[in-house]
Amino acid sequence: QVQLVESGGGLVQPGGSLRLSCAASGSIFSIYNMAWYRQAPEKQRELVAIIYSSGGTNYADSVKGRFTISRDNAKNTVDLQMNSLKPDDTAVYYCKMVVRESIGGPAQPYWGQGTHVTVSS
């Protein structure tokens, strides 16, 4: 079994910055994609940023130029640096990793429990 634990959420003023972190633990052979999603009240969960095992990245248009996703394969972690935050960034942020637990086993998605980010003056 694999567990993902997020940290770093909180309350920040517009224009401010936050850094989210997500650490995976448990039975891990390899991790493929790592991603951050968010869900605002009464809205669908949306992809914010994704980083592939190759290191390539993609971002939602709404966060391009403001957010940066990074990963540390040795520590099984993924971070999201969020700058120039706006009230529209307010949401619960979830990390997701696609993990293979053993050689020859299937690669499966795992989700964190979510961390709240509130951008407000």
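Residues numbered from 1 in each chain as written. Predicted model: local features only at pLDDT ≥ 70, side-chain atom pairs only at ≥ 80, totals over all residues. Heavy atoms only, no water.

## Observations regarding the sheet that holds strand β7 (residues 67–72)
And then number 1: Spatially, four strands are ordered β1-β3-β8-β7 in an open sheet, and the strand pairing comes out antiparallel. Strands with a single pairing partner mark the edges of an open sheet, and in this sheet they are β1 (2–7) and β7. For this sheet, the mean angle separating the axes of adjacent strands, direction not counted, is 15°.
And then number 2: One ladder, built from six bridges, connects strand β3 (residues 18–26) with strand β8 (residues 77–82); its direction is antiparallel. Paired with Ser21 across the two strands is Asp79, which belongs to β8. (Pairing = 2+ DSSP bridges. Helix = DSSP H or I, 4+ residues; strand = E, 2+ residues; numbered from the N terminus. Axes fitted to C-alpha atoms, helices over the stretch in contact; angles between N-to-C directions.)

## Quick look at the pattern of salt bridges
And then number 1: One pass over the structure, following the stated rule, counts five salt bridges.
And then number 2: Asp89 is the salt-bridge partner of Arg38, the closest N and O atoms lying 2.9 Å from each other. Placement of the pair is Arg38 in strand β4 (residues 30–39) and Asp89 in the loop between β8 and β9 (91–100), with a sequence separation of 51 residues.
And then number 3: Overall, Asp89 belongs to the buried group, its relative accessible area being 2%.
And then number 4: The salt bridge involving Arg66 is made with Asp89; its shortest N-O contact spans 2.8 Å. One end of the pair, Arg66, is in the loop between β6 (57–59) and β7; the other, Asp89, is in the loop between β8 and β9, and 23 residues separate them in sequence. (Salt bridge = Lys/Arg side-chain N within 4 Å of Asp/Glu carboxyl O. Buried < 20%, exposed > 50% of the residue type's maximum accessible area, 1.4 Å probe, protein only.)

## Regarding the state of the cysteines
Linking two cysteines covalently via their sulfur atoms produces the bond known as a disulfide.
And then number 1: Following the criterion strictly, the structure yields one disulfide and no others.
And then number 2: Across the disulfide from Cys22 sits Cys95; the S-S distance is 1.9 Å. Residue Cys22 is found in strand β3, and its partner Cys95 is found in strand β9; the two are separated by 73 residues along the sequence. This pair shows no difference in class: Cys22 is buried, exactly as Cys95 is. (Disulfide = S-S within 2.5 Å.)

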